Amino acid sequence: MVTQAYAQEAETPADDHGAEAAGAADAVHVEDGVHADPTADTHATTEAYGDAGHSDVFPPFDPATFPSQLLWLAITFGALYLLMSKLALPRIGGILDNRKTLIDTDLAAADADRQKTDAAIAAYEKALAEAKAKAQGIANETRESIQADLSAKRAAAEADLSAKVSTAEASIAKTKAEALTHVDEIAAETAQAVVGQIVGDVPADSVRAAVAKVKG
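Residues numbered from 1 in each chain as written. Predicted model: local features only at pLDDT ≥ 70, side-chain atom pairs only at ≥ 80, totals over all residues. Heavy atoms only, no water.

The helix and strand tally for the protein chain stands at 5 helices and 0 strands. Overall, the protein chain shows an N-to-C arrangement of helices and strands of α-α-α-α-α. Classification of the 216 residues of the protein chain by burial places 4% in the buried group. By sequence separation, contacts in the protein chain at least 24 residues apart represent 40% of the contacts at least 6 residues apart. Carbon together with sulfur atoms contributes 64% to the accessible area of the protein chain, which is approximately 17,900 Å² in total. (Helix = DSSP H or I, 4+ residues; strand = E, 2+ residues; numbered from the N terminus. Buried < 20%, exposed > 50% of the residue type's maximum accessible area, 1.4 Å probe, protein only. Contact = heavy atoms within 4.5 Å. Areas by Shrake-Rupley, 256 points an atom, 1.4 Å probe, with all protein chains shown as cover.)

Have a look at this one:
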């Protein structure tokens, strides 16, 4: 605005000066009897306007361009905001939601696997405890069965041994009794043989009577 006003003010004296110069030139040519160039005024006006419109200030730092710069800044910011809010931010939000969904899915799968692992461990420990209890029961039953079998075999062996001892004792007693029944005869025969060696033949009845007398 200021630059335009300054340019207009600069144009006015330039136009006046150009008009005066043109008038003086026409007068000189008329006086000399020579016709003036019709394009001279146009060239003079263009040169004067070009010199007046030139400014030494860099446009971005020119205060006269601040309003337009602020306007374009607002338009650019609004366009960038709309672009981010309508395109970039929803896409980023979708990516984040996708990532969160994947993470939640992975966490849920990991938790499910952990629960399955815990259940498998619990089932294994339960089966192991049951197997130990069953093995302990089988061991107890086997031990009791072995003890019962040993007891039965020991009882049978003892009974058999007792029977054999009884039989042996009976046989010994019988043999002893039978041996005792023949002692007198053996003693009489032995005495008869001894006496016969000493004094000669002796009657058997006399020897038995002597042995019975000694025994009795």
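This brings us to the pattern of salt bridges. By the definition in use, this model includes 5 salt bridges. Here K153 and D149 are joined by a salt bridge, their closest N and O atoms 3.5 Å apart. One end of the pair is K153 and the other is D149, both in helix α3 (residues 66-181) and 4 residues apart, which spans about a single turn. For K153, a relative accessible area of 54% corresponds to the exposed category. Overall, D149 belongs to the partly exposed group, its relative accessible area being 37%. The partner of D160 in a salt bridge is K164, and the shortest N-O contact between them spans 3.4 Å. Note that D160 and K164 are positioned in helix α3 at a spacing of 4 residues, about one turn of the helix. The class of D160 is partly exposed, set by a relative accessible area of 39%. One network of salt bridges, in which partners are shared, links D111, R114 and D118. (Salt bridge = Lys/Arg side-chain N within 4 Å of Asp/Glu carboxyl O.)

Okay, the packing of aromatic side chains next. Across all of its chains, the model carries 1 aromatic pair by this definition. Where F58 meets F61, the ring centres are 5.6 Å apart and the plane angle is 50 degrees; that geometry is what we call tilted. Note on accessibility: F58 and F61 belong to one class, exposed. (Phe/Tyr/Trp six-rings, centres within 6.5 Å; stacked < 30°, edge-to-face > 60°.)

Let's shift gears to the UniProt feature "coiled-coil region" (unreviewed entry) in the protein chain. The positions that UniProt labels "coiled-coil region" (unreviewed entry) are, in the present scheme, residues 114-141. Overall, residues 114-141 shows 100% helix and 0% strand. The separation of its end C-alpha atoms is 40 Å. (UniProt positions renumbered as here; feature names shortened; annotations may be inferred.)

Once that is clear, we can look at the UniProt feature "transmembrane region" (unreviewed entry) in the protein chain. When the UniProt feature table is mapped to this numbering, "transmembrane region" (unreviewed entry) covers residues 70-89. Along residues 70-89, the helical share is 100% and the strand share 0%, with 26 Å between the first and last C-alpha atoms.

This next bit is on a nonpolar patch on the surface. Residues L80, L83, M84, L87, L89, I92 and L96 make up a contiguous nonpolar surface patch of about 660 Å² in total accessible area. Inspection of the secondary structure puts M84 in helix α3. By relative accessible area, which is 35% here, M84 ends up partly exposed. (Patch = residues over 30% accessible without salt bridge, like charges linked within 9 Å, V, L, I, M, F, W, Y side chains within 5 Å.)

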